[in-house]
Each structure stands twice: as structure tokens, then as C-alpha cells.
Amino acid sequence: MPLFPTALTRDAGLAALAAFFDGPGADYAASRNTDRGRGAQPTTSALSPYLRRRLLTEAEVVEAALHAFGDEGAEKFVSEVFWRTYFKGHLETHPDAWTASRAGRDAALARLAEEPGLRRIHEQALAGETGIDGFDSWVVQLIEEGWLHNHTRMWFASIWIFTLRLPWELGADLFMRHLIDGDPASNTLSWRWVAGLHTRGKNYVARRDNIRRYTAEGFDPDGLDEDAEALDEARPPREVPLPKADAPPAGDVALLLHLDDLHPESLDLGAARVTRIGGLLAHAEGASEKVRAADESAMRDGLARAEAHFGCPAGPVSEGWAGDRPVVTAWATVGPSAEALPEDCLRLRRAWDERAWPLSTRGYSRLRGGIPKILRG
């Protein structure tokens with residue numbers, strides 16, 4: 001049975017949220033690191049495809065967790081949701097991490113053309129023919145299902161970087177092209193964290209015993225480099241001030257939806273009156289058919305809900321779709337949607353991000369310490 005429904009919608013996300021709290025959610029803190037393998041019920045919430053597109057918002061998911069399990073019982077799950085918020089805020093204030101990863105990918109592709117040995121290892125990795133137990137199966141799962149358990153993603157990235165000695169940017173690009181929940185911030189900064197670039201000098205090393213333990217002895221890889229040192233870079237991404245959000249204007253506006261935020265019903269529009277709605281599809285570069293289908297399904301759902309909520313026409317963006325109305329949109333974080341937005345649109349930021357992102361400029365601990373205050377509003 002597929003992990004995700006064919007149609008990626010808000011209703012499907014709400015159903016998945018309820019199923020998680022009724023089932024594995026109570027055991028989340030104890031079992032979340034275990035990957036039971038393909039076909040088994042996941043030990044994580046598997047809500048990330050919905051959160052990535054904000055078919056579900058972080059705020060409502062956290063509220064539901066606190067209601068279901070209380071402050072203490074929900075603590076670990078809430079912290080993991082805030083990691084997603086942290087990565088977004090960090091990339092907003094370190095956008096060079098995204099642009100450098102794209103440039104690094106292009107440079108790595110040029111190396112593949114020039115270095116037969118590197119090209120051969122890369123081809124073996126993509127084909128799942130490295131001979132590394134676990135890794136080869138995960139490659140197949142990634143491409144066929146568009147999904148990997150979060151702990152498995154860390155093992156995968158570590159093996160890619162430190163055992164296979166492949167450029168991390170190629171691995172990050174592989175994930176973005178195939179993961180149904182592929183998010184520019186979480187994906188880029190997670191790969192950088194594994195490599196030892198996000199927290200400089202502290203890399204994540206996949207270990208045979210750890211993989212054996214947390215796959216219930218499903219995989220037992222040997223030959224891993226368990227003594228690898230962190231990668232380094234000449235110029236870490238520089239911090240820039242958090243860009244200022246716009247205020248919604250009064251009067252008639254055209255609302256632009258994009259893949260970073262498809263819950264317009266909860267967007268604070270002030271005195272603006274939405275009289276036209278457009279949908280902007282900006283897929284990840286080279287996105288697989290599964291990812292594109294998920295994006296398209298989510299956008300259709302967002303447009304249909306927006307049309308019903310605001311009582312005005314909604315459809316894909318086309319020439320002149322907004323007429324002479326000012327265009328407003330929810331904030332698009334660094335990545336494909338932000339790059340595709342019209343230059344003159346007004347970008348509105350949710351209160352959740354406004355409170356959390358200023359605490360996300362350095363390490364996660366600062367944001368973690370601010371969680372109670374953020375939740376109080």
C-alpha cells in the first residue's frame with residue numbers, strides 16, 4: 001500500500017494527522033529513529049509532504065500534538081516540527097547556502113564529465129549497485145517511492161559523502177528531485193549538517209552498529225568509513241538581515257498561491273479583499289514525475305479551497321491574470337517558488353515565522369529555548 005495517497009490534499013493531510021495521533025504518535029519519542037523498512041507502518045508522522053507545502057501548517061500540527069499528548073508527551077514531536085521552521089529561518093538569513101549548493105552541483109556535474117572514476121562511482125550509487133548493504137535498497141526506495149525515513153536519510157547522506165566520496169551537492173540534488181517532501185531549506189541544510197558544514201567541524205558519521213540496531217538488523221553494512229573528518233569550505237554562507245515582510249493593502253487584491261504555502265484560508269490579509277486567485281507552480285529543478293504530480297495535486301486542492309473560501313475565480317497563473325489589482329502572496333522561502341515570484345508582488349509573513357525566524361540565525365538551541373514563548377504568541 002502506498003505511503004501517500006494519489007491526491008496530495010489538505011483533507012488527506014488531516015486524515016494522516018488524525019491517524020498518527022490515534023496510532024504511532026504516542027510512541028513517537030521512543031521509536032522515531034527506527035526504520036522498519038518498506039511496507040511497514042512508519043515510526044515518524046510522515047506529515048512532511050503536507051507541511052512542506054503548508055497544506056497543513058506547523059502551528060495547527062503542533063496545537064494538535066499538544067492537545068493529544070500534553071506538553072510533556074508532545075515535547076519531542078513539537079521539537080522536530082520546529083526543526084523545519086528553524087531550517088527555513090536559517091536559510092532566509094543565509095541564502096548563500098542555497099545558491100552555493102546549486103553552484104556546487106553544477107561544478108560536480110562538470111567533474112563527472114572529466115573524472116571517469118568519480119563518474120563510475122556516481123553511476124553505481126544511482127543504480128543501487130555499490131554493494132553497500134542498506135544503501136543500495138534505499139536508492140531504489142527513494143526513486144520508486146519518493147520517500148525515505150528521516151534517520152535513513154542521514155545514513156544515506158553520510159555514506160554518500162564519506163564512504164563513496166561523492167560531492168554532497170549531487171546527493172542533495174538527488175533528494176530534491178525525488179523526495180515528495182523535498183524542501184529547499186530542510187534538504188540543503190540537512191546535507192550540510194551531515195557533511196559538517198552547517199555546524200562547522202561536526203559531521204554525522206553513519207555507523208554499522210547504529211544502522212543494524214535501528215533497522216532491527218534489517219541491514220548490516222560493512223566497509224563504511226566511520227572515522228571520516230568533516231568537510232570544510234573556504235567561505236561559509238554569510239548571514240544577512242531577515243528580509244522585511246510587506247503589509248497587506250486595503251481594497252481588492254489578487255492572491256497568488258505557490259508551493260510553499262497552500263493554506264490561504266489562514267493567511268492574515270488584513271483589510272484586503274481577494275477578488276482573483278492564481279496558482280504558481282515552480283517545481284524543483286529536474287523534479288521526478290512523482291514529485292511533479294504531488295505538486296500539481298496540492299496546487300489544485302489549494303486553488304479549489306481558495307475559490308470556495310474567497311468566492312472568486314481561481315486558476316493557474318497566466319498573462320494578465322491579476323488585472324490591475326495588486327498581487328499579494330504568502331512568504332515564499334528561499335528556493336524555486338521565491339525565485340519564480342513576480343518582482344512587484346507583496347509578500348506576507350505568517351506570525352509563526354515572524355516569531356521564530358529571528359531566533360533561527362545561528363544554532364537550533366536558541367530557537368528551541370524560545371519555543372514556549374512562540375507557542376504563547
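Look up a bit, the structure's there.
Residues numbered from 1 in each chain as written. Predicted model: local features only at pLDDT ≥ 70, side-chain atom pairs only at ≥ 80, totals over all residues. Heavy atoms only, no water.

1. A closer look at helix α9 (residues 150-163)
Item 1. A rise of 1.5 Å per residue sets the reference length of α9, with its 14 residues, at 20 Å; its end C-alpha atoms lie 19 Å apart and thus fit the reference within 8%.
Item 2. For α9, the tally of buried residues reaches eleven of 14 residues, placing the bulk of the element in the interior.
Item 3. Looking only at α9, the buried set comprises H151, T152, R153, W155, F156, A157, S158, I159, W160, I161 and F162.
Item 4. In the core, the buried residues of α9 are packed alongside α7 (116-127), α8 (135-145), α10 (168-178), α11 (184-195) and α12 (208-214).
Item 5. R165 occupies a position one or two residues after α9 and carries a positive phi of about 60 degrees. (Helix = DSSP H or I, 4+ residues; strand = E, 2+ residues; numbered from the N terminus. Expected span 1.5 Å × (residues − 1). Buried < 20%, exposed > 50% of the residue type's maximum accessible area, 1.4 Å probe, protein only. Contact = heavy atoms within 4.5 Å.)

2. Observations concerning the packing of aromatic side chains
Item 1. Within the structure shown, the criterion is met by 21 aromatic pairs.
Item 2. Judged by centre distance (4.1 Å) and plane angle (15 degrees), the ring pair of W83 and Y364 falls under stacked. Of this pair, W83 sits in helix α5 (residues 75-93) while Y364 sits in helix α16 (residues 364-376); the two residues are 281 residues apart in sequence, bridging distant segments of the chain.
Item 3. Seen from their ring centres, F156 and W160 are 6.0 Å apart, and the 15 degrees between their planes marks the pair as stacked. One end of the pair, F156, and the other, W160, are both in helix α9, four residues apart, so they sit about a helical turn from each other. The exposure classification of F156 matches that of W160, with both residues buried.
Item 4. Ring pairs connect the aromatic residues F20, F21, Y28, F69 and F77, which therefore count as one cluster.
Item 5. Sitting over the ring of W331, R347 keeps its end group 3.7 Å from the ring centre.
Item 6. Directly above the ring of W331 sits R349, whose terminal nitrogen or CZ lies 4.5 Å from the centroid. (Phe/Tyr/Trp six-rings, centres within 6.5 Å; stacked < 30°, edge-to-face > 60°. Lys NZ or Arg CZ within 6 Å of the ring centre and 35° of its normal.)

3. A short note on the packing of helix α4 (residues 58-73) against α5
Item 1. Running from N to C, α4 and α5 point in directions that differ by 150 degrees, and their axes come no closer than 8 Å. When the axes of α4 and α5 are compared, the pair comes out roughly antiparallel. Here the hand of the crossing between α4 and α5 comes out left-handed. Taken together, the residues of α5 that come into contact with α4 (itself represented by E58, V61, V62, A65, L66, D71, E72 and G73) are E75, F77, V78, V81, R84, T85 and K88. (Axes fitted to C-alpha atoms, helices over the stretch in contact; angles between N-to-C directions. Parallel < 35°, antiparallel > 145°, perpendicular 65-115°, else oblique. Left-handed = near helix turned anticlockwise from the far one by under 90°.)

4. Concerning the sheet that holds strand β1 (residues 251-258)
Item 1. Read from one edge to the other, the open sheet built from five strands follows the order β3-β2-β1-β4-β5, with strand pairing classed as parallel. Looking at which strands have only one partner, the edges of the open sheet turn out to be β3 (314-316) and β5 (346-348). The sheet shows a mean angle of 30 degrees between the axes of neighbouring strands, taken without regard to direction.
Item 2. Both β1 and strand β2 (residues 272-280) contribute to a ladder of eight bridges, which runs parallel. Bridging across to β2, G251 finds its partner in A272.
Item 3. Packing of helix α13 (residues 289-310) onto the sheet brings it into contact with β1, β2 and β3, and relative to β2 it is tilted by some 165 degrees. (Pairing = 2+ DSSP bridges.)

5. Remarks on the environment of H67
Item 1. Along the chain, H67 turns up in helix α4.
Item 2. Exposure remark for H67: the relative accessible area of 74% places this residue in the exposed category.
Item 3. Along the backbone, H67 and F21 are 46 residues apart, and their C-alpha atoms lie at a distance of 10.0 Å.

6. Concerning the packing of helix α6 (residues 96-114) against α7
Item 1. Between α6 and α7, the least distance of the axes is 6 Å, while the angle of their chain directions is 110 degrees. On the basis of their axis angle, the class for α6 and α7 is roughly perpendicular. Crossing of α6 against α7: the hand is left-handed. Across from R111, L112, A113 and E114 in α6, the residues of α7 making contact are P116, L118, R119 and H122.
Item 2. Of the residues belonging to the contact of α6 with α7, the class tally is four nonpolar, one polar and three charged. (Nonpolar A, V, L, I, M, F, W, Y, C, P; charged D, E, K, R; others polar.)

7. Let's talk about empty space enclosed by the protein
Item 1. Counted under the stated rule, the structure contains three cavities of 30 Å³ or more.
Item 2. Taken as a whole, the largest cavity spans an internal volume of roughly 80 Å³.
Item 3. Taken together, 13 residues line the largest cavity, and the ones lying closest to its centre are R52, G182, A284, V291 and D295.
Item 4. Taken together, the residues of the lining of the largest cavity sort by class into eight nonpolar, one polar and four charged.
Item 5. Looking at the second largest cavity, its volume works out to about 50 Å³.
Item 6. Every residue lining the second largest cavity is listed: R54, K88, D260, W331, T333, D353 and W357. (1 Å grid on protein atoms, 1.4 Å probe; cavity = no way out; pocket = protein on both sides within 12 Å on 5 of 7 lines; lining within 4 Å. Points joined across faces, edges and corners; volume = space filled by probe spheres on them.)

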